[in-house]
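Below, each chain spelled out in residue letters.
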Amino acid sequence: MGFLSALTVSIVGLGSKALMRGGFCSSVTVNGMENLLKALESDERNHGRGIVTMSNHISTLDDPVAWGVLPARFYRDSRMTRWTLGASDIMFTNPVFSTFFRYGQVIETFRGKGIFQPAIDTAITKLNSGEWIHLFSEGKVNQASSDPSSPSAARLLRFKWGIGRIVMEARQPPVIIPMWLTGFDKLMPEGRPFPYNFFPKPGAALSVTFGEPVPAKDIQDALDSLVLNKQLPEVPSSSHGGLADPARPREEASSGAVAEQGWLGRPVSHAIEGAGGHQLAGDPALAEEIARVRSAVTAVIQREVEALGRKVLTLPPDV
């Protein structure tokens, strides 16, 4: 970590810690921190096993304030702080913002450019180097998900398929840790008039919960079952970055070839064989099958995050 990056992360991290612990919030509860610390301190990271955390997204302050729960010493080490994806049209709108967020370990991501853009490539490279990637997988703020009285409680928007690509193309099974945040929607409510929408509200009761890592075998077995029983979900065919995009078949074939060499190689290979095999590389039928596998991986992980949400909100398990 360069000096300016360490300085940026430290200032933001310590500021988040002060906001949490300095009396501005009525309470801060942290559950399951040992799950994250064990992953961050594991020697497996030095051998290329990365970490993926995924959480609900209930305010514009979720990141970085949630990371105020980390030990302060972590802020000086890029291996102990997260990388994340950030929208170009929000975080990289001028040279000052762009510099700040890049030093803050945010990867510039372009809305509408699909899952085969450089930002996703960068995230995969970092994951394969043992780095920690945090993802707000819905891609937008969804405050209803954290309201126990809402019909949408613990129900998240469909996770973006870039999540599935990042996980599928990892060489080793990443440590996947679901997270659930509460109270941040009270800290930074949506829909307030200017200028109040730029300022946090005092008195919020915050909680950050780190679930147990999702066993790699559970994901492998769930995906195997879906492939063998031909129950993979359907995927839409949009013309811009979707399956109808002329470049998409070859991109999917390339992604599938990478995934076959990784930790999900067995179910991916079964899916490719079911679509006619490698001789159809670049064919739309193969592209669709690989996309369906990715959609299934994404859905399996989403269910894990939602299950943690239901537990935190003390809701009955989803049937």
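Since this is a predicted model, take the numbers as computed values, not measurements.

1. Side note on the nonpolar core
Step number 1: Of all hydrophobic cores here, the largest spans 47 residues; its most connected members are Met54, Ile219, Leu264, Val293 and Val297.
Step number 2: Tallying contributions element by element places helix H12 (residues 284–312) first for this core, with nine residues.
Step number 3: If we skip the residues at most four places from it in the chain, leucine 264 touches Met168, Ile219, Gln220, Leu223, Ala259 and Val297.
Step number 4: With 33 residues, the next largest nonpolar core counts Met20, Val65, Trp67 and Trp132 among its residues.

2. Notes on the pairing of strand E7 (residues 205–210)
Step number 1: A large share of E7 lies buried, amounting to five of its six residues.
Step number 2: Summarising the sheet, strand E1 (residues 27–31) and E7 pair through five bridges and their orientation is parallel. Within E7, the position partnered with threonine 29 by the bridge is serine 207.
Step number 3: Here strand E6 (residues 175–182) pairs with E7 via four bridges, running antiparallel. What sits directly across from tryptophan 180, in E7, is threonine 209.

3. What to know about the packing of helix H10 (residues 248–260) against helix H11 (residues 265–274)
Step number 1: Two elements in contact, H10 and H11, have axes separated by 8 Å at closest approach and are oriented at 140°. Our classification of the angle between H10 and H11 gives oblique. Taking contact as the criterion, the partners of Gly256, Ala259 and Glu260 in H10 are, on H11, Gly265, Val268, Ser269 and Ile272.
Step number 2: Residue composition of the contact of H10 with H11, grouped by class: three nonpolar, three polar and one charged.

Calculation notes
- Residues numbered from 1 in each chain as written.
- Predicted model: local features only at pLDDT ≥ 70, side-chain atom pairs only at ≥ 80, totals over all residues.
- Heavy atoms only, no water.
- Core = buried A, V, L, I, M, F, W, Y, C linked by side-chain atoms within 4.5 Å.
- Buried < 20%, exposed > 50% of the residue type's maximum accessible area, 1.4 Å probe, protein only.
- Helix = DSSP H or I, 4+ residues; strand = E, 2+ residues; numbered from the N terminus.
- Contact = heavy atoms within 4.5 Å.
- Pairing = 2+ DSSP bridges.
- Axes fitted to C-alpha atoms, helices over the stretch in contact; angles between N-to-C directions.
- Parallel < 35°, antiparallel > 145°, perpendicular 65-115°, else oblique.
- Nonpolar A, V, L, I, M, F, W, Y, C, P; charged D, E, K, R; others polar.

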